[in-house]
Amino acid sequence: MSSKSFPAVQTVDVTKVYRSGHIDYPALKGISLKIEKGELVSIVGPSGSGKSTLLNLIGALDPPTSGRIIIDGIDLRKLNEDNLAVLRNQKIGFVYQTFNLIQRLTAIENVEMPLIARGVSEKVRRSRSLAMLNAVGLGRFANKRPTELSGGEQQRVAIARALVTRPALVLGDEPTGNVDSKTTKEILSYIVQVNKTLGTTFLLVTHNPEVANMSRRVITVKDGLIEKDQHLQRMDSYAGL
Amino acid sequence: MQMRASDVFKLAFRALRARKTRSFLTILGIIIGTAIILALVASSNGLSTGIQGQVGKIGANTLTVSSAGQFFGGSSSGTQSYELSQQDVSTIKSFQGVSDVIPYYSQRGTISYGGNSISGELIGIDVSTLSVMYKGLSLYSGSLPDSYDPSAAVVGYSIAFPTGSSNQLTLNQMISVTLGGSTSGSLTFLAKGIFSAYGSVLFSNIDETIFISLQSAQLLLKTQYFSGLYVITNSAGDVASVQTAIETYYGTQVRVMNAGSMVSSITSITSELSVFLEAIGGVSLFVAAVGIINTMFVSVMERTREIGIMKALGYKSKQIMALFLAEASLSGVIGGIAGTMLGYVLAFMIGGYLPLSGGFGGGPPGSSGSSGSSVTAPVFTSELIVFSLLYPIGIAVLAGLYPAWRASRMNAVVALKYE
């Protein structure tokens with residue numbers, strides 16, 4: 001179980017170098033940051049600044065070239081591949097710009113996917129997934145396939161999938177990048193609500209100033225380095241939601 | 001944290017169903033390969049079982065001696081070949097271990113009566129020994145002919161009741177036999193008895209044979225030389241020593257055959273045949289395996305992004321591998337079951353074309369008298385059925401191994417970016 005004393009995420013001088021042929025492309029040049037439990041953080045920056053790379057490293061999907069990444073007190077270097085998978089399953093939820101739902105499965109089956117990996121019985125995971133879909137307002141679409149849903153609905157299914165395991169940390173890569181402004185508002189207010197009620201830590205990579213505005217903290221990444229790390233007062237329009 | 005096996009197969013089945021046509025075509029390859037192996041092996045099993053059954057009708061303590069020039073019972077025109085006479089009967093009878101020597105004449109010919117004309121064989125033999133020679137042979141009606149009546153005969157079942165003809169032989173009806181070979185003209189007999197259906201014994205079909213007494217044959221064929229001798233030994237254990245004694249005495253002048261050596265020589269032919277047939281089936285299953293590998297690779301490529309998603313959701317590499325292997329093995333299970341059913345039906349269809357119906361070498365194929373009932377029945381052993389169900393699963397899993405491994409090794413970040 002997670003202990004209160006550890007930060008949700010800590011990175012120490014993390015670098016990432018991609019190699020193509022004989023040429024090295026440094027994507028991250030030394031990132032050190034600390035995100036406490038329950039924070040709602042936006043990472044902003046121009047394209048190619050390395051913010052998505054940073055998210056993949058924190059999400060334990062890719063190892064850093066050097067430096068340490070510590071998730072809830074666990075140093076990722078000490079985990080083998082299987083244990084990294086277990087950590088992703090138990091502690092981290094992912095939400096992507098392109099939703100990344102499995103097209104041939106229904107909404108509820110998509111939400112069940114992370115629970116299937118854990119061996120949760122069909123009965124238990126059905127009810128948990130349906131409750132999660134109800135929470136994002138999509139209970140009646142449980143048996144629809146992603147192609148039958150709008151972009152906003154698909155993203156809400158993806159959020160339900162990310163939250164069904166009750167993760168400590170949710171990583172979002174442009175979560176509102178493919179939805180209209182009305183849906184963006186709905187999704188953001190839901191994120192704020194989950195953040196407030198469950199204490200889930202959110203780390204969202206975004207271009208959208210509206211997303212950045214609702215965060216208490218905005219980290220600006222540029223050329224593989226942290227340029228700014230600002231703590232803000234959250235805008236009132238989200239505070240009450 | 002362990003995935004449930006039922007979930008693995010449920011997800012695999014969903015994935016197969018999502019690509020119905022492609023899955024069907026892949027499985028079709030497995031079905032055909034499995035069906036061919038099963039049908040061919042069962043048919044060749046049936047063939048060798050049938051042949052062994054025929055050989056088994058002749059006792060294991062029986063040897064056949066014929067002059068070296070004669071083999072298939074036809075008359076020999078070569079004058080140099082050794083001719084077997086009453087002298088040889090006495091000689092061989094004196095060998096140790098011999099209990100009896102039964103000489104016989106045999107010639108092929110056309111048997112006709114009341115509008116029926118049947119290609120068959122005329123055998124002159126001491127008819128009282130027939131039931132000893134051919135185990136289980138019994139009279140259907142009438143009686144065995146008197147040895148001293150040159151016009152009396154007993155006929156095989158198919159001669160009396162030819163298929164496809166409403167004319168049937170009645171007792172004491174006149175039968176004429178036109179012999180092939182050197183003897184010209186036709187002989188006439190009265191049917192004194194009819195044998196029950198018996199089937200083929202190596203080299204002759206009893207049901208298509210007309211038997212007369214040895215004395216009649218000697219008289220009518222105008223020869224004192226026999227076509228061959230049946231040598232009955234005291235026990236099956238004496239067969240080898242008696243065979244050696246005869247061969248030592250006569251050298252290459254005569255040909256000696258025993259049921260056991262016939263079984264082994266024919267078994268070696270049929271087992272070579274079945275190895276060949278199994279190889280054909282094996283090749284077709286190999287082709288099916290290549291089909292699985294191909295389909296799986298395409299599937300892994302197409303689902304690269306899905307694999308990335310599953311990795312992000314916390315699926316371990318071995319779980320992803322298990323999912324893809326489950327897809328392959330499900331193809332094998334479905335293909336194996338359907339292929340076994342198809343092969344079962346196919347084996348009965350092939351059986352009708354195997355050359356056992358008319359007596360092995362006994363007559364020209366499709367000779368008019370052969371009854372349609374003696375089709376070679378395929379033989380399915382339980383081992384064969386189990387093999388036919390499990391082998392395709394094994395092949396499918398092997399074929400799926402490499403694509404599944406490739407899927408499990410995919411880099412999550414790269415896979416998630418895959419368009």
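Look up: the structure comes first, before these words.
So, how was this worked out
- Residues numbered from 1 in each chain as written.
- Chains lettered and ligands numbered in written order.
- Predicted model: local features only at pLDDT ≥ 70, side-chain atom pairs only at ≥ 80, totals over all residues.
- Buried ≥ 20, exposed ≤ 12 C-beta atoms within 10 Å, placed from the backbone.
- Helix = DSSP H or I, 4+ residues; strand = E, 2+ residues; numbered from the N terminus.
- Pairing = 2+ DSSP bridges.
- Contact = placed C-beta atoms within 7 Å.
- Nonpolar A, V, L, I, M, F, W, Y, C, P; charged D, E, K, R; others polar.

(A) Structural view of the pairing of strand 11 (residues 228-233) of chain B. All names here are of chain B. Extensive coverage of strand 11 is indicated by the burial of 5 of its 6 residues. Bridging between strand 1 (residues 62-67) and strand 11 involves 5 bridges; their strand directions are antiparallel. Paired with leucine 63 across the two strands is valine 231, which belongs to strand 11. Here 6 bridges tie strand 2 (residues 98-113) to strand 11, and the two strands are oriented antiparallel to one another. Across the sheet, valine 98 pairs through a bridge with threonine 233, a residue of strand 11.

(B) How the structure looks around the interface of chain A and chain B. Taken together, the contact pairs 19 residues of chain A with 20 residues of chain B. Only helix 2 (81-91) and helix 3 (107-117) of chain A provide two or more residues apiece to the side of chain A that touches chain B. Looking at the side of chain A that touches chain B element by element, the count peaks at 6 residues for helix 2 of chain A. Here the side of chain A that touches chain B is built from residues that sort into 9 nonpolar, 4 polar and 6 charged.

(C) Expanded view of helix 9 (residues 304-312) of chain B. Residues and elements named next belong to chain B. In terms of burial, helix 9 is largely enclosed, as 7 of its 9 residues are buried. When helix 9 is considered as a whole, its buried residues turn out to be Glu306, Ile307, Gly308, Ile309, Met310, Lys311 and Ala312. At the C-terminal side of helix 9, glycine 314 shows a positive phi close to 100°.

(D) Expanded view of unusual backbone geometry. All names here are of chain A. The phi angle at aspartate 72 is positive, at roughly 50°, despite the residue not being glycine. By secondary structure assignment, the location of aspartate 72 is in the loop between strand 4 (66-71) and strand 5 (74-75). The phi dihedral of glutamate 174 falls on the positive side, at around 50°, and the residue is not glycine. Summarising the element assignment, glutamate 174 is placed in the loop between strand 7 (169-173) and helix 6 (181-198). Here glutamate 174 falls in the partly exposed class, since 19 other C-beta atoms lie within 10 Å of it.

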